[in-house]
Amino acid sequence: MNRTVLIAGGGIAGMAAGFAAARAGCSATVFERAAEFSEVGAGVQLGPNVTRILQAWGLTHALKQVAAFPSGLHARSIITGETLASLPLRDAAVTYGAPYVTLHRADLHELLWQAAQREGVQVLGDALVQRVHQTRDVVTFDVLARGDVQQHLAAVAVAADGVWSPLREQLLGDGLPSFTGHIAYRALVAQSDLPAHLRSQDVSVWMGSQAHVVSYPVRGGEYLNVVCLAEGRLLDDDANHLQALQTWNAQKTEAQTLTELHHALRGACTPLTDLMGACRDWRLWPLCGRPAMQGPHEHVQGRVALVGDAAHPMLPYLAQGAGMAIEDVAELASQLADATDADVPQRLQSFAQARWQRNARVQARARRNGQIFHATGPMRVGRDMGLRLMGARLMDVPWLYGHGRS
Ligand SMILES: Cc1cc2nc3c(=O)[nH]c(=O)nc-3n(C[C@H](O)[C@H](O)[C@H](O)COP(=O)(O)OP(=O)(O)OC[C@H]3O[C@@H](n4cnc5c(N)ncnc54)[C@H](O)[C@@H]3O)c2cc1C
């Protein structure tokens, strides 16, 4: 098998896994079921824990071409617009040795894809991984491509097939993710289409009750990514239906979506309603998840490693889902760097031990952030007061951002 790695899924986790494995001297192939590689959707924020890895991978220049480098993160009240607390993000590069960046998901994906291709990774579209089989010595994918099923053999397989991971279902059989009761509504607006007072190169988190709004620059600062995260109901919570919705395409009519947004943000201050009003073409995304990871078995089964949302889907309230996927594959690649094929099962166990508790902690913290961001009544008053008093100390997360710093 000679250090071959097969990867199911060509999203951010899969593309990063291909790149990192090839950089570690493995021969990597990525199978993506979609015929076209197009990362649609929203922006992503990447903390210094993640940009440190991209720097180590030699991707600093590529990142600078597409990312924005916000100077601050501001927690604001949805009702009054008041800035409750600010975290200076430019300091991140000094404190944590790497910048805090915001970028479009498609730009991050393209950057990783280009890097993977430069490393010689084979990336195949229209290639559905149907099943995985393994013996003590080898792992096999059955791949349906252009009407034919072919078998591919390797020393290692990676399940990077997302929150609805069919490989997880096959390997762990622990059921489908469930709807969290939270919906993300997202829009992208050119800064040049906004009046001057609504343009921004910073991250703003507008906190309300049962809803919050996040805005930040993407595409080198030329666009503003605006996401409203609200507790709400869907027309149909059926799992198959939910799965079909995970495309950032609105399930409801625009009129329905706007009515819901209006309801979620009732009582919001004028700057925020002006910003929301300036955005067009809202898309929605029902957030689905699982409980925090329970053990290393959720990361590794024999010669198969599960990474990214396949292993640990999380609410986006700590902005770390893609970040944890990148941390996963960096650790995986470092375990594989000098491994022989015979070492693989043991090295994958070391990978799982190194990762699962951190991922569980990030999942739990993201969930807790959701409760804080959406607090109601006296809890909300306490939240706002705490932010005013504690400021940046409440918003900084040293155990998260400082991870892996030597
Ligand atoms: C509103 C919102 C905001 C977010 N903000 C942030 C943020 O600021 N920062 C951050 O780090 N993260 C953020 N995230 C999370 C982040 O987007 C995800 O964690 C990340 O994209 C997961 O990547 P993935 O590659 O694991 O999964 P996916 O992106 O879902 O990729 C899985 C891929 O596998 C393919 N696939 C599935 N099954 C098969 C199969 N059988 N064979 C072949 N291919 C298959 C799919 O087509 C897909 O391309 C946010 C998420 C949401 C919803």
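Owing to the predicted nature of the structure, the values given are computational and were not obtained by experimental measurement.

Here is what the cut-offs are and how they apply
Residues numbered from 1 in each chain as written. Predicted model: local features only at pLDDT ≥ 70, side-chain atom pairs only at ≥ 80, totals over all residues. Heavy atoms only, no water. Buried < 20%, exposed > 50% of the residue type's maximum accessible area, 1.4 Å probe, protein only. Helix = DSSP H or I, 4+ residues; strand = E, 2+ residues; numbered from the N terminus. Pairing = 2+ DSSP bridges. Polar contact = N/O pair within 3.5 Å; in protein donor to acceptor, adjacent residues only side chain to side chain. Contact = heavy atoms within 4.5 Å. Axes fitted to C-alpha atoms, helices over the stretch in contact; angles between N-to-C directions. Near = heavy atom within 4 Å. Areas by Shrake-Rupley, 256 points an atom, 1.4 Å probe, with all protein chains shown as cover. Nonpolar A, V, L, I, M, F, W, Y, C, P; charged D, E, K, R; others polar. Parallel < 35°, antiparallel > 145°, perpendicular 65-115°, else oblique. Left-handed = near helix turned anticlockwise from the far one by under 90°.

Some words on the pairing of strand E4 (residues 72-77)
Most of E4 is tucked away, with five of its six residues classed as buried. The hairpin turn running from E4 into strand E5 (residues 83-88), its antiparallel successor, is five residues long, and Gly-81 in that turn takes a positive phi close to 80 degrees. Bridge count for E4 against strand E13 (residues 203-207) is five bridges, and the pairing is parallel. Along E13, the bridge assignment pairs Arg-76 with Trp-206.

Quick word on the side chain of Asn-225
As for its position among the elements, Asn-225 is in strand E15 (residues 223-231). For Asn-225, a relative accessible area of 0% translates into the label buried. Here the side chain of Asn-225 touches Gly-43 through a polar contact of 3.2 Å, landing on its backbone nitrogen.

Some remarks on unusual backbone geometry
Note: most peptide bonds trans; most residues except glycine with negative phi. The residue Asp-126 is not glycine, and still its phi comes out positive at about 55 degrees. Take Asp-126: it is sitting in the loop between strand E7 (122-124) and strand E8 (127-134). The exposure class of Asp-126 is partly exposed, given its relative accessible area of 31%. Even without a glycine there, the phi angle at Ala-319 is positive, about 55 degrees. One can find Ala-319 in the loop between strand E18 (304-306) and helix H10 (321-336).

What about the sheet that holds strand E17 (residues 300-301)?
Judged by pairing direction, the sheet is mixed, and its six strands sit side by side in the order E7-E2-E1-E11-E18-E17 without closing on themselves. Of all the strands in the sheet, the pair left with one neighbour each is E7 and E17.

Some thoughts on the environment of Pro-177
Along the chain, Pro-177 turns up in the loop between helix H6 (166-172) and strand E12 (178-190). Taking the C-alpha atoms as reference, Pro-177 lies 24 Å from His-109; in sequence the two are 68 residues apart. Once you skip the residues sitting within four places of it in the chain, Pro-177 turns out to touch Val-163, Trp-164, Cys-288, Gly-289 and Arg-290.

A closer look at the sheet that holds E8
The antiparallel open sheet is built from three strands, whose spatial order is E8-E9-E10. The sheet terminates laterally at E8 and strand E10 (148-154), the two strands that pair on one side only. In this sheet, adjacent strand axes meet at a mean angle of 25 degrees when their direction is disregarded. Direction of pairing for strand E9 (residues 139-145) relative to E10: antiparallel, over a ladder of seven bridges. Along E10, the bridge assignment pairs Val-143 with Gln-150.

What about the site of the ligand?
Within the structure, the ligand sits among 30 residues, and Ala-13, Glu-32, Gln-45, Arg-105 and Asp-309 are positioned closest to it. Contacts to the ligand include Gln-45, whose backbone N or O atom sits 2.8 Å from an oxygen atom. In isolation the ligand has 1000 Å² of accessible area, and contact with the protein removes 89% of it. Secondary-structure elements contributing two or more residues to the shell around the ligand are helix H1 (12-23), strand E3 (43-46), E8, strand E16 (283-289) and H10. Classifying every residue of the shell around the ligand by side-chain character gives 16 nonpolar, eight polar and six charged.

Looking at the packing of helix H2 (residues 48-56) against H10
Look at H2 against H10: their axes get within 9 Å of each other, and the N-to-C directions meet at 45 degrees. It follows that H2 is oblique to H10 by the angle criterion. You can see that H2 and H10 cross each other, and the crossing is left-handed. Residues Asn-49, Val-50, Ile-53 and Leu-54 of H2 pack against Gly-323, Met-324, Ile-326, Glu-327 and Ala-330 of H10. Partitioning the contact of H2 with H10 into residue classes produces six nonpolar, two polar and one charged.

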